[in-house]
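Read off the chains here:
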Amino acid sequence: MSVTLIFASIIIVYLLHDFVKKLLVWSKLPPGPWGVPFLGSIPFLLGGPLHKILDSMRKKYGDIYTLGLFHKQVVMLSNWELVRDFFGRTEFSGRPDAVAFRQFSFGKNGIISSEGSLWQDNRRFTMRVLRDFGFGKTAALDSMIQDAALGLCQYFKENKDKPQDFGPRLNLAVLNIIWKMAADKTFSHDDPKMQDFMNRLMQVMSDSALVGPFQWVPAFIYLWPPALRASRRVDRNMAVISQIFLDEVRQHKRNLPSSGGAKDYIDAYLTEMEQQKSRGEINPNFSELQLRVNISDLFIAGSETTSNTTRWCILFLLCHPEIQEKLQAEIDNVVGRDRLPSLNDRDRMPYTEAFIMEVQRLARLTPLGVTHAVTEDVEFDGYRFPKGTVFMSNIWSCHSDPKYWPDPEKFDPGRFLNSDGTLKTKIPSFLPFALGKRQCLGESLARMELFLFVTIFMHNTERMKHEFTSHINTFL
Ligand code: HEM
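Every value quoted in this text rests on a predicted model; they were computed, and no experiment measured them. (Residues numbered from 1 in each chain as written. Predicted model: local features only at pLDDT ≥ 70, side-chain atom pairs only at ≥ 80, totals over all residues. Heavy atoms only, no water.)

(A) Geometry of the side chain of Asp 55. Positionally, Asp 55 belongs in helix α2 (residues 50-61). Setting aside its immediate chain neighbours within four residues, Asp 55 contacts Asn 394, Trp 396 and Ser 397. (Helix = DSSP H or I, 4+ residues; strand = E, 2+ residues; numbered from the N terminus. Contact = heavy atoms within 4.5 Å.)

If you want it as structure tokens, here you go:
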């Protein structure tokens, strides 16, 4: 037998072995479309908005199905019960090894990209501190968000005769709220430092999206120059952003209050590290690196999500003048003209809350949520998932399911209200902030921001209505 023949036989046996192994794995996973070699299901995912293609696959394969993306098995969860059941378990709360998670967190650090005890410790601590500094203190948060919203209204008034893209202004308002919580500072829109920070952060978000499915096969980024350029820009911008946070941390360290009295997140984290040291505890999950990544996670996860939802609110208001009237009536009734809307008004303004919820349902801002991975081999729900299997939640499908949402594409805040006008509290299949162990950590903050932005805009409606309707195309 010639050497070539022996070599060819070894390759064929290897490929066959690999194929059978994969077949065995796939046979235990939820069924899904057949893929092509190497690319898997990718050719079937092209040619339209991804969430819609995935929704039509749901109709064919059911609420849970498996796709192949290159060498990865990706399980799609397309109803809320599945999302609740899977993501409610710790073993389904890992993060896949994707380029974006590594780039955002310099490895797999911080909150968004980490797993295991590192994630749990930092998530738990951050939730507690944010509650202490903001979510739990209505008055402090009220004035923080009111200032940001009023700044925007002032800008509209000053520029009412010009078409305007108020996206950047809105981003600034939202970023300032996070800056205030993280480092007790705010910036003016004209501050070149803030401009640079905001531009870099926005660039990071759009570049990461461009890297797209190459997230799973980093080596292939080199084959597509736009992805390569985008990926390099993410590295460069993240390095600058991280340096800004490092400078903040150093400054806070120099002025750390000696006996408690932390005024922001950085103080609280540094104090926690000091206290652990003085107790003789060594917990590597708390470090300056984690602190820097945690701060950047708050900005990455909490800025565009909130500002884009607010833009959707404004778009829906523009498209539905009759809803503007109803919101206005509720504001007049509960708040009046002599003071600003406040977070204390929320309980008495169910229509406004229902409006924001309906915007979130239809805007479907994160249509496929954030990817999860299973942290160990797991048998669940009749399937066997090998460690590393990726999971996505199709929030777009959940929010369009006619079983829960009659006439799902219709914009109707009334679906969130009971017949007596009170707000429905238990709404299955409404999951803009996802569900389970990794459910959005900033949900309370985001909901407070949305409420105050919408009500303060509407409080100024008499002056702003005309500008809104005449410039509808300029900011979306
Ligand atoms: C309307 C605004 C927002 C929306 C729609 C939103 C939505 C989401 C979603 C869908 C997830 C993924 C959960 C998962 O992995 O399954 C998430 C995670 C997260 N969000 Fe939000 N979010 C918003 C605002 C915020 C804000 C204001 C903050 C904080 C300042 C924040 C911080 C986070 C963090 C840190 C995570 C990662 C949690 C973890 O991995 O454990 N988000 N968010």
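Additional details are given in the paragraphs that follow.
(B) Focus on the site of the ligand. The full set close to the ligand counts 25 residues, and Trp 119, Arg 123, His 372, Arg 438 and Cys 440 are the nearest of them. Within the contact set of the ligand, an oxygen atom lies 2.7 Å away from a side-chain nitrogen or oxygen of Arg 123. Interatomic distance of 2.8 Å between a side-chain N/O atom of His 372 and an oxygen atom of the ligand. Counting residues per element, the ones that place at least two in the shell around the ligand are α5 (116-135), α11 (288-302), α12 (304-319) and α16 (443-459). When the residues that make up the shell around the ligand are grouped by side-chain class, the tally is 13 nonpolar, eight polar and four charged. Structurally, the shell around the ligand is a two-domain feature, drawing no fewer than three residues from each of domain 1 (1-92 + 366-399) and domain 2 (93-365 + 400-460). (Near = heavy atom within 4 Å. Polar contact = N/O pair within 3.5 Å; in protein donor to acceptor, adjacent residues only side chain to side chain. Nonpolar A, V, L, I, M, F, W, Y, C, P; charged D, E, K, R; others polar. Domains from an automatic or database assignment.)

(C) Structural detail: unusual backbone geometry. For Phe 106, which is not a glycine, the phi torsion comes out positive at approximately 50°. Counting through the fold element by element, Phe 106 comes out in the loop between α4 (99-105) and α5. A positive phi angle, near 60°, is found at Asp 381, a position not held by glycine. Along the chain, the position of Asp 381 falls in the loop between β4 (378-380) and β5 (383-385).

(D) Region of the structure containing the side chain of Ser 231. Within the secondary structure layout, Ser 231 lies in helix α9 (residues 225-254). A relative accessible area of 9% means that Ser 231 is categorised as buried. If we skip the residues at most four places from it in the chain, Ser 231 touches Gln 103, Val 211 and Ile 221. (Buried < 20%, exposed > 50% of the residue type's maximum accessible area, 1.4 Å probe, protein only.)

(E) Summary view of the pairing of strand β6 (residues 390-393). Here β6 shows no split at all, with Val 390 and Met 392 on one side and Phe 391 and Ser 393 on the other all buried. Note: strand β2 (residues 72-77) against β6, four bridges, orientation parallel. Note that in β6 the partner of Val 75 across the bridge is Phe 391. By the bridge criterion, two bridges tie strand β3 (residues 372-373) to β6 in an arrangement that is antiparallel. Looking at the pairing, His 372 lines up with Phe 391 of β6. (Pairing = 2+ DSSP bridges.)

(F) Just α12, in detail. If you check α12, its first and last C-alpha atoms are 22 Å apart, about what 16 residues at 1.5 Å a residue would give, namely 22 Å. For α12, the set of buried residues is Thr 306, Ser 307, Thr 309, Thr 310, Arg 311, Cys 313, Ile 314, Leu 315, Phe 316, Leu 317 and Leu 318. (Expected span 1.5 Å × (residues − 1).)

(G) The arrangement of the environment of Thr 422 in detail. Within the fold, Thr 422 resides in the loop between α15 (395-398) and α16. A residue is classified by how much of its surface remains accessible, and Thr 422, at 36% relative accessible area, is partly exposed. Residues Thr 422 and Met 349 lie 73 residues apart in sequence; the distance between their C-alpha atoms is 8.9 Å. Setting aside its immediate chain neighbours within four residues, Thr 422 contacts Pro 350, Phe 416 and Leu 417. A polar atom in the side chain of Thr 422 sits 2.6 Å from the side chain of Asp 420.

(H) Here's a closer look at the sheet that holds β6. If you walk across this open sheet you meet the four strands as β1-β2-β6-β3, and the pairing is mixed. Edge positions in the sheet fall to β1 (64-69) and β3, since each has one partner strand and no second. Pairing analysis gives six bridges linking β1 to β2, with the strands arranged antiparallel. Opposite Leu 67, over in β2, you have Val 74 as the bridge partner.

(I) Quick peek at a nonpolar patch on the surface. A cluster of nonpolar side chains, contributed by Phe 7, Ile 11, Tyr 14 and Leu 15, occupies part of the molecular surface with about 450 Å² of accessible area. With respect to the secondary-structure elements, Ile 11 resides in helix α1 (residues 3-27). (Patch = residues over 30% accessible without salt bridge, like charges linked within 9 Å, V, L, I, M, F, W, Y side chains within 5 Å. Areas by Shrake-Rupley, 256 points an atom, 1.4 Å probe, with all protein chains shown as cover. Salt bridge = Lys/Arg side-chain N within 4 Å of Asp/Glu carboxyl O.)

(J) Local environment of the nonpolar core. By size, the foremost hydrophobic cluster in this structure holds 115 residues, and its most contacted members are Phe 197, Ile 295, Phe 299, Phe 355 and Phe 453. Per-element tally for this core: the top contributor is helix α7 (residues 167-183), with 11 residues. Counting only domains with at least three residues in this core, you end up with domain 1 (1-92 + 366-399) and domain 2 (93-365 + 400-460). In this structure, Phe 299 is in contact with Leu 175, Ile 178, Trp 179, Phe 197, Leu 201 and Phe 245, ignoring residues within four places of it in sequence. (Core = buried A, V, L, I, M, F, W, Y, C linked by side-chain atoms within 4.5 Å.)

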